[in-house]
Amino acid sequence: MTARLGDGFIFRPEVETRSPGAQAKRDREAYRRQLAYLFANSAFHRDKLGAAGFASPDSVGELDDIARLPFTEKDEIRKSQADAPPLGHHQAAPWDKIVRIYSTSGTTGDPCYMPLTAADLSAWVEISARSYTATGVRRGQRMVTTYNAGPFVAGAALDTFNLLGACHAPVGTGNTERLAKALQKLKADILVCTPSYAQYLGEWLRERQIDPRGIGLKRISVAGEPGGGEDGFRSGLEATFGAKVCEAMGIGDVSISLWGECDAQKGMHFSGGDYVHVELIDPGSGAPIAITDGASGELVYTALAREAAPVLRFRSRDHVIVWTEPCACGRTTLRARCIGRTDDMLILRGVNLFPTAVRDVVAGFRPEVSGALLIKPNAPGVRQEPPLPVNVELGAGGEARSGLAEAIEAAIRARLVATVRVTLVPYGSLPRSEYKTKLVSHPH
Ligand SMILES: [Zn+2]
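Residues numbered from 1 in each chain as written. Predicted model: local features only at pLDDT ≥ 70, side-chain atom pairs only at ≥ 80, totals over all residues. Heavy atoms only, no water.

This part covers the packing of helix α9 (residues 195-207) against helix α10 (residues 231-241). The N-to-C vectors of α9 and α10 enclose an angle of 40 degrees; their axes lie 10 Å apart at closest approach. By crossing handedness, the relation of α9 to α10 is classed as left-handed. Contacts between α9 and α10 pair Pro195, Ala198, Gln199, Leu201, Gly202, Leu205 and Arg206 from the former with Phe233, Leu237, Thr240 and Phe241 from the latter. By residue class, the composition of the contact of α9 with α10 is seven nonpolar, three polar and one charged. (Axes fitted to C-alpha atoms, helices over the stretch in contact; angles between N-to-C directions. Helix = DSSP H or I, 4+ residues; strand = E, 2+ residues; numbered from the N terminus. Left-handed = near helix turned anticlockwise from the far one by under 90°. Contact = heavy atoms within 4.5 Å. Nonpolar A, V, L, I, M, F, W, Y, C, P; charged D, E, K, R; others polar.)

Here's what the structure looks like:
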């Protein structure tokens, strides 16, 4: 028996400590059941697979052959819903079985609806109970969350917190003063928020002469955008609050909190065992990438037991590094760290550059800088010519020391092989957010 980290509590040990081989065997069986279900119930998938030359579940073959099948893109889901409103051709369960409908925020066009049957909803609760347990949520702890849960998929996490038995005070976003009060008055142990908001909250408190460490938070569970697990950014947050920072990640069309990081902080554990199959692909060519320790690529998901709106080879646009070696916490599940969204990636003379990676390098220069930055490409689009302009904000009350901009440029060149031109700007001049902070501003 190896020593385990923390209290060693694992929500579903029979799944989360299962051998990868035993999991693969179960996934093959679930995949065959799901494919039979798709052909019987999903016009969207039946038509797509038929067009790709697969006329029956048998012709599709085994899970090991999945890379032969076409991807599902988010745009196809949107189009399916526009063509057959309200839920789309991919609705695969009858209305009387659907118990919940979440939607996207609809900031770009119409909201996209995500229906769940009772079985789908309980699967989400199970999956996120595993991942939130990994990030340290326990019975008896006081937890303040900033999810604006109402219409959005994060709402399903409320059911998870009930199941875990944490003492949960939902505060939402929109009022940082109310959040700070809740943390102080309720003597919260855990804060759940986006990495951007955690960073902003630290500044907000300090500007009001409140020591963030004095609040007494033990943990911050960050989710909603990539970068919360990157070393420079994370250690800055941990130092600010004197709290452990662990990451979680979900994806609306597949599951909330599908990944959750344990105290080892060596990547987020995959928590969707028995419900979701994971692939890694090259985002450019779509070619499969073998899941081995240290491999990197875009995550692709296939539902294994979904009823209302199952996805098959769904492209996440999340670019990750994965690890397969056993973890000190005792879980045997795949681990991942999201490097960034493929959609946010810039290409600088053939080098892929993720804005969150730039933020991580810049965070290493705190407190001379605040950690806020804005990448300002000269040209529209993904491909950029170096040097890439980056505005970096000075720390509170800070004067730019000579050589600081050059030192940041050198660190980015050394770590990310990218040539940027840093312009230092005054503290407080760049945008902050209680949700996801914009890191890139293209010319219009
Ligand atoms: Zn672990």
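The next subject is the side chain of Glu393. Its location among the elements puts Glu393 in strand β19 (residues 388-394). Judged by relative accessible area, which is 0%, Glu393 ranks as buried. Among the polar contacts made by the side chain of Glu393, one reaches the side chain of Arg432 at a distance of 2.6 Å. Contact partners of Glu393, with chain neighbours within four places excluded, come to Val369, Ser370, Gly371, Ala372, Val425, Pro426, Tyr427, Gly428, Ser429, Leu430 and Arg432. (Buried < 20%, exposed > 50% of the residue type's maximum accessible area, 1.4 Å probe, protein only. Polar contact = N/O pair within 3.5 Å; in protein donor to acceptor, adjacent residues only side chain to side chain.)

Now for the pairing of strand β2 (residues 113-117). In terms of burial, β2 is a largely internal element, four of the five residues being buried. Sheet topology places strand β1 (residues 98-103) next to β2; five bridges connect them, and they run antiparallel. Opposite Ile98, over in β2, you have Thr117 as the bridge partner. (Pairing = 2+ DSSP bridges.)

On to a nonpolar patch on the surface, then. The grouping of Trp95, Ile101 and Tyr113 at the surface amounts to a nonpolar patch, some 290 Å² of accessible area in total. Checked against the element boundaries, Ile101 lands in strand β1. Take Ile101: its relative accessible area is 37%, and that puts it in the partly exposed class. (Patch = residues over 30% accessible without salt bridge, like charges linked within 9 Å, V, L, I, M, F, W, Y side chains within 5 Å. Areas by Shrake-Rupley, 256 points an atom, 1.4 Å probe, with all protein chains shown as cover. Salt bridge = Lys/Arg side-chain N within 4 Å of Asp/Glu carboxyl O.)

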